[in-house]
Amino acid sequence: MRRPILAANWKMHKTAEEARAFADAFLPRVADADDVDIVIAPPFTALESLAWTLRGSSVALAAQNVHPEEKGAFTGEIAPGMLQALGCRYTIVGHSERRALFGEDDAFVARKAAALLARDIRPIVCVGETLEQREADRTFDVVRGQLEGSLASVPKARAEQVVVAYEPVWAIGTGRTATPETAQEVHAFIRETLVRLFGEAADSVRIQYGGSVKPDNVDALMAQADIDGALVGGASLDPEAFARIARFETP
Ligand code: PEP
């Protein structure tokens, strides 16, 4: 049985003070949600304040990005050890915005995932096709290639610590969610690919769906067999909406 994982990706939103205010409103709303993992990924500048506010709660801290090297001349970058020292338990890698806007490729994402695991931080590895790729019937090829490339440095024994986020690019920030059936079809394909890569361990890997997840569509998505959680952008900025998402209800 895979434990559901609901993660907030705040992108470039919220100051340290705003992050604290969010946590003050959010934590009481999820105080009894003990059967799910809840994760918040604020901007780097709010990690420390959020770490303090989350202390003593079961909500985990995450970063939105990392550099694969531990130190050196990488102006503006943040190392895995720095995130570990702040108490980050997860980090998002390979988000489509980083792939598209900052030119990150699968090989770079693979280095990040390996560097995080070496620091006992669980990578949330994002994959997903663009609208153009979906319309050209290339969804499975694209997702297969991203998984093989981005997970290339994950040893079988560590596979369970990886979270995969399937985020169709056409559904991110657009209000256009994949139907639960469309998402499940790709999630099942991802599971098959993980079986090929990691054998039995694939059954324990959690696969999140991301792309305009909201309080009113999360229940139907989470009812699907291979959807084990959600990676949430816009709706995670509001404590009430994200709390409802974290407390999804399935029949
Ligand atoms: C995301 O950025 O990972 C995301 C899924 O955003 P949104 O929920 O706003 O579509």
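Not measured: the values here are computed from a predicted model.

## A few points about empty space enclosed by the protein
Considering all chains together, one arrives at one cavity of 30 Å³ or more under this definition. Taken as a whole, the largest cavity encloses approximately 40 Å³ of empty space. Together, Gly94, His95, Ser96, Arg99, Cys126, Val127, Gly128, Gln146, Glu167 and Val169 line the largest cavity. Contributing elements (two or more residues each) for the lining of the largest cavity: helix 4 (96-102) and strand 5 (122-127). Split into classes, the residues belonging to the lining of the largest cavity amount to three nonpolar, five polar and two charged.

## Section: the layout of surface pockets
Taken as a whole, the largest pocket holds about 440 Å³ of empty space. In terms of residue count, the dominant contributor to the lining of the largest pocket is helix 4 (four residues). Of the residues assigned to the lining of the largest pocket, the class counts are seven nonpolar, four polar and three charged. Roughly 210 Å³ of internal volume is contained in the second largest pocket. Forming the walls of the second largest pocket are Met1, Arg2, Pro4, Met222, Ala223, Gln224, Ala225, Ile227, Asp228, Phe248, Thr250 and Pro251. Partitioning the lining of the second largest pocket into residue classes produces eight nonpolar, two polar and two charged.

## Focus: the pairing of strand 2 (residues 37-41)
Of all five residues making up strand 2, five are buried, and the element is well covered by its neighbours. On strand 2, burial covers both faces: Asp37, Val39 and Ala41 on one face and Ile38 and Ile40 on the other are all buried. Two elements, strand 1 (residues 5-9) and strand 2, share five bridges in a ladder whose sense is parallel. Among the inter-strand pairings, Asn9 is bridged to a residue of strand 2, identified as Ala41. For the crossover from strand 1 across helix 1 (residues 16-26) to strand 2, the handedness is right-handed. One ladder, built from two bridges, connects strand 2 with strand 3 (residues 60-63); its direction is parallel.

## What to know about the state of the cysteines
Two cysteines form a disulfide when their sulfur atoms are joined by a covalent bond. A complete count under the given rule lists zero disulfides for this structure. As a non-bridged cysteine, Cys126 has Cys88 as the owner of its nearest cysteine sulfur, 15 Å distant.

## Some words on helix 7 (residues 139-150)
A rise of 1.5 Å per residue sets the reference length of helix 7, with its 12 residues, at 16 Å; its end C-alpha atoms lie 16 Å apart and thus fit the reference within 8%. Those residues of helix 7 that sit buried are Thr139, Val142, Val143, Gln146, Leu147 and Ser150. Along the long axis of helix 7, the arc covered by the buried residues comes to 130 degrees, so they all point the same way.

## Notes on the sheet that holds strand 8 (residues 229-232)
Taken in spatial order, the eight strands of this closed barrel run 1-2-3-4-5-6-7-8, and their pairing is parallel. Strand-to-strand twist across the sheet, computed as the mean angle between neighbouring axes with direction ignored, equals 25 degrees. Across three bridges, the pairing between strand 3 and strand 4 (residues 88-93) is parallel. Within strand 4, the position partnered with Leu61 by the bridge is Cys88.

Cut-offs applied
Residues numbered from 1 in each chain as written. Predicted model: local features only at pLDDT ≥ 70, side-chain atom pairs only at ≥ 80, totals over all residues. Heavy atoms only, no water. 1 Å grid on protein atoms, 1.4 Å probe; cavity = no way out; pocket = protein on both sides within 12 Å on 5 of 7 lines; lining within 4 Å. Points joined across faces, edges and corners; volume = space filled by probe spheres on them. Helix = DSSP H or I, 4+ residues; strand = E, 2+ residues; numbered from the N terminus. Nonpolar A, V, L, I, M, F, W, Y, C, P; charged D, E, K, R; others polar. Buried < 20%, exposed > 50% of the residue type's maximum accessible area, 1.4 Å probe, protein only. Pairing = 2+ DSSP bridges. Right-handed = clockwise from strand over helix to strand, strands pointing away. Disulfide = S-S within 2.5 Å. Expected span 1.5 Å × (residues − 1). Arc of directions from axis to C-beta. Axes fitted to C-alpha atoms, helices over the stretch in contact; angles between N-to-C directions.

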